[in-house]
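The chain contents come next:
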Amino acid sequence: MPAPTPQQARVAVWESTVLGLSCALTFWLAADVLTRLYVDDRDSDLLGGMWAALATIFVSRATFRDSLAAGLSRMSATGISFVICLVYLVFLPFHLWAFALLIGISALVGLLIGRRGDATTAAITTAVVLVVSAISPLAPWQQPILRFADTVIGVLVGVATAWLSLKLVHPRIR
């Protein structure tokens, strides 16, 4: 593989810097700003910041269209998990049997609605929500709501910074 040209290296440094800064913004919004709306422990706040930053990374793609599509995919998967986990956690706390069952149901729903690519992400999201519901001092049913909010923050910041970065660095790429 040939070494990058100086222009390619500058673009790579710019894109990587923008991604890092957008993740810092996302983390701060989710772990410090959003948490002023509810009382939770710091560990859960940090997890929310990390989850939001992961959503920002998830939508960071080569074109704005690809970033937007990735954002829609991430929100679709999160929506599946949100509904399944919320319905379960309103009535029951974390159990290992539910962990396995709800991960499977999340993937199944993604597959059945024709969102094959979102099935795995929905299953991952369900796993995180269920485990966090077991360790957080908040009522378990609140975790799907919080993780949904974290994802919304991450996707919005990720898509916005992808658009801005692509407009500034690659004005001809759509």
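Residues numbered from 1 in each chain as written. Predicted model: local features only at pLDDT ≥ 70, side-chain atom pairs only at ≥ 80, totals over all residues. Heavy atoms only, no water.

So, about the confidence of the model for the chain. Interpreting fine coordinate detail is not advised for predicted regions of low pLDDT. When pLDDT is averaged across the chain, the result is 90; 95% of the residues are at 70 or more. Highest mean pLDDT in the chain belongs to helix H4 (residues 96-112) (98); lowest belongs to helix H6 (residues 142-169) (90). (pLDDT = per-residue confidence, 0-100. Helix = DSSP H or I, 4+ residues; strand = E, 2+ residues; numbered from the N terminus.)

For the rest of this paragraph, the subject is the packing of helix H1 (residues 6-33) against helix H2 (residues 42-58). Where H1 contacts H2, the two axes come as close as 7 Å, and the packing angle between them is 145°. By crossing handedness, the relation of H1 to H2 is classed as right-handed. Contacts between H1 and H2 involve Leu19, Ser22, Cys23, Thr26, Phe27, Ala30, Ala31 and Asp32 from the former and Arg42, Asp45, Leu46, Gly48, Gly49, Met50, Ala52, Ala53, Thr56 and Ile57 from the latter. Of the residues contributing to the contact of H1 with H2, the split by class is 10 nonpolar, 5 polar and 3 charged. (Axes fitted to C-alpha atoms, helices over the stretch in contact; angles between N-to-C directions. Left-handed = near helix turned anticlockwise from the far one by under 90°. Contact = heavy atoms within 4.5 Å. Nonpolar A, V, L, I, M, F, W, Y, C, P; charged D, E, K, R; others polar.)

Time to look at H2. Between its first and last C-alpha atoms H2 spans 24 Å; for 17 residues at 1.5 Å apiece the expected length is 24 Å, and the two agree. Here H2 has its buried residues at Ser44, Asp45, Gly48, Gly49, Trp51, Ala52, Ala53, Ala55 and Thr56. (Expected span 1.5 Å × (residues − 1). Buried < 20%, exposed > 50% of the residue type's maximum accessible area, 1.4 Å probe, protein only.)

To continue, consider the environment of Ile84. With respect to the element layout, Ile84 can be found in helix H3 (residues 64-91). Each C-alpha atom of the pair Ile84 and Leu47 lies 20 Å from the other, and the pair is 37 residues apart in sequence. The contacts of Ile84, once residues within four sequence positions are left out, are Leu102, Ile105, Ser106 and Val109.

General note: in soluble globular proteins, nonpolar side chains tend to be found buried as a group. Ala77, Ile80, Ile84, Cys85, Tyr88, Leu89, Ala98, Leu102, Ala122, Val129 and Leu130 together form the largest nonpolar core, which totals 11 residues. Listing elements by their share of this core, those giving two or more residues are H3, H4 and helix H5 (116-135). Sort the elements by how many residues they give to this core and H3 lands first, with 6 residues. (Core = buried A, V, L, I, M, F, W, Y, C linked by side-chain atoms within 4.5 Å.)

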